[in-house]
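# Close look at the chain arrangement
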Amino acid sequence: MSKPPLSVPQPSPRTPEPGPETMIACESLVRIYQTGSVEVQALQGLDLVVERGEMIAVVGASGSGKSTLLSILAGIDAPTAGRARVDRWNLLSMSRSDRVRYRRHTVGFVRQQTASNLVPYLTARQMVDLPLTAARAPAGDRRTRPGELLEVLGVGHCADRRPAQLSGGEQMRVAIAVALANRPRVLLADEPTGELDADTSAQVFQALRDVNRQFAVTVVVVTHDPEVSGQVERTVAIRDGRTSSEVLRRTATAEDGGTHVIAEEYAVMDRAGRVQIPRDYREALALTRRVRLALEADRVEIRPNGGVDA
Ligand SMILES: Nc1ncnc2c1ncn2[C@@H]1O[C@H](COP(=O)(O)OP(=O)(O)OP(=O)(O)O)[C@@H](O)[C@H]1O
């Protein structure tokens, strides 16, 4: 420290710990892939908390670990280390049968490639029925739920069509209906608008927002599309397998009564106090391995080694 603090600010009484309203809590999550002698650290200590009923977007460069995170949350892949809890499930200690139950009832997953979500020889109604049958849902549910869900997703008119008879946007809406069949608490979508044009993508995204509100399902959407990520209240950015920053958006009312969205970006600090400083900040001030930290009354300053006030 360059100088002693005048007074140490008191910690905020609000705790960042996952609470009863938390649906997803990942802490220091690590996933290492081993291919022959090569090790790839896809997740390198990622932290993420998502509240019940929240809808968030996850963004990040190609290879930053977004799909790995979603596969782990979907119960398809298992973490190497760290903690990951979704609803009442601990994702690091699930048995094989737990995993089946978890994937059937707790999470719905919409994959990146639209076609991979669908079965070419089944109609939309039959595809929504498939997970209901697998979960031995009551006959009443099986009769009514496929039609109702397709209706909510705006593809009720497509109920008797097969995937080849659907547009890209319709296929994605059907895929979302399939993922929601067993009333999951969490809906995970990996680039659901990646293969769609701008208008169709906006409609599909609106459909995700609608089901988030209507069914109170927690939604995590991975996207490259800034138009999409700009429409949720919270966007989490992943860099090199870690949560690096979050953008929070809120609607403010101006004096003339008009409303506008205010977006504020925050760096994310993990439990050990680590924060990633963006590359452009580091380069602008030539911050290298050693930096100077100073605790002020209302902030922590980071300065280049050899800066003033040494
Ligand atoms: N099964 C695997 N075996 C080996 N390495 C893998 C495997 N899956 C992912 N990786 C590696 O882990 C890292 C993270 O991959 P991931 O697919 O999670 O990134 P992503 O952010 O989703 O990228 P994209 O936006 O391109 O889909 C990458 O370096 C990738 O090559």
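Residues numbered from 1 in each chain as written. Predicted model: local features only at pLDDT ≥ 70, side-chain atom pairs only at ≥ 80, totals over all residues. Heavy atoms only, no water.

In the annotation of an unreviewed UniProt entry, the chain is listed under the name ABC transporter ATP-binding protein and assigned to Phytohabitans houttuyneae.

On to the confidence of the model for the chain, then. Summing up the model confidence of the chain, the mean pLDDT is 87 and the portion of residues at 70 or higher is 93%. The low-confidence segment residues 1-16, where pLDDT is below 50, has 15 contacts with residues more than four positions distant or belonging to other chains. Here the prediction assigns the complex a pTM of 0.86, and the interface score ipTM is 0.96. (pLDDT = per-residue confidence, 0-100. Contact = heavy atoms within 4.5 Å.)

With that out of the way, let us pick up helix α5 (residues 168-179). For α5, built from 12 residues, the straight-helix expectation of 16 Å at 1.5 Å per residue is met to within 8% by its first-to-last C-alpha distance of 17 Å. With 11 of 12 residues buried, α5 is to be regarded as a mostly interior element. Turning to α5, its buried residues number three or more, namely G169, E170, Q171, M172, R173, V174, A175, I176, A177, V178 and A179. Contact partners of the buried residues in α5: β6 (107-110), α3 (124-134), α4 (139-152), β7 (186-190) and α6 (198-215). (Helix = DSSP H or I, 4+ residues; strand = E, 2+ residues; numbered from the N terminus. Expected span 1.5 Å × (residues − 1). Buried < 20%, exposed > 50% of the residue type's maximum accessible area, 1.4 Å probe, protein only.)

This paragraph deals with the packing of α5 against α6. The axes of two packed helices give the description: the angle between them and the distance between them. Running from amino to carboxyl end, α5 crosses α6 at an angle of 15 degrees, the nearest separation of the two axes being 10 Å. Considered as vectors, α5 and α6 are oriented roughly parallel to each other. Remark: the crossing between α5 and α6 carries right-handed chirality. Where α5 abuts α6, its residues G169, M172, R173 and I176 lie against T200, Q203, V204, A207 and L208. (Axes fitted to C-alpha atoms, helices over the stretch in contact; angles between N-to-C directions. Parallel < 35°, antiparallel > 145°, perpendicular 65-115°, else oblique. Left-handed = near helix turned anticlockwise from the far one by under 90°.)

Turning our attention to the pairing of strand β12 (residues 291-295). Residues in a regular strand point their side chains to alternate faces of the sheet. As judged from the five bridges shared by β12 and strand β13 (residues 300-304), these two strands associate in the antiparallel manner. Paired with L293 across the two strands is I302, which belongs to β13. Between β12 and β13, which pair antiparallel one after the other, the connecting turn spans four residues. (Pairing = 2+ DSSP bridges.)

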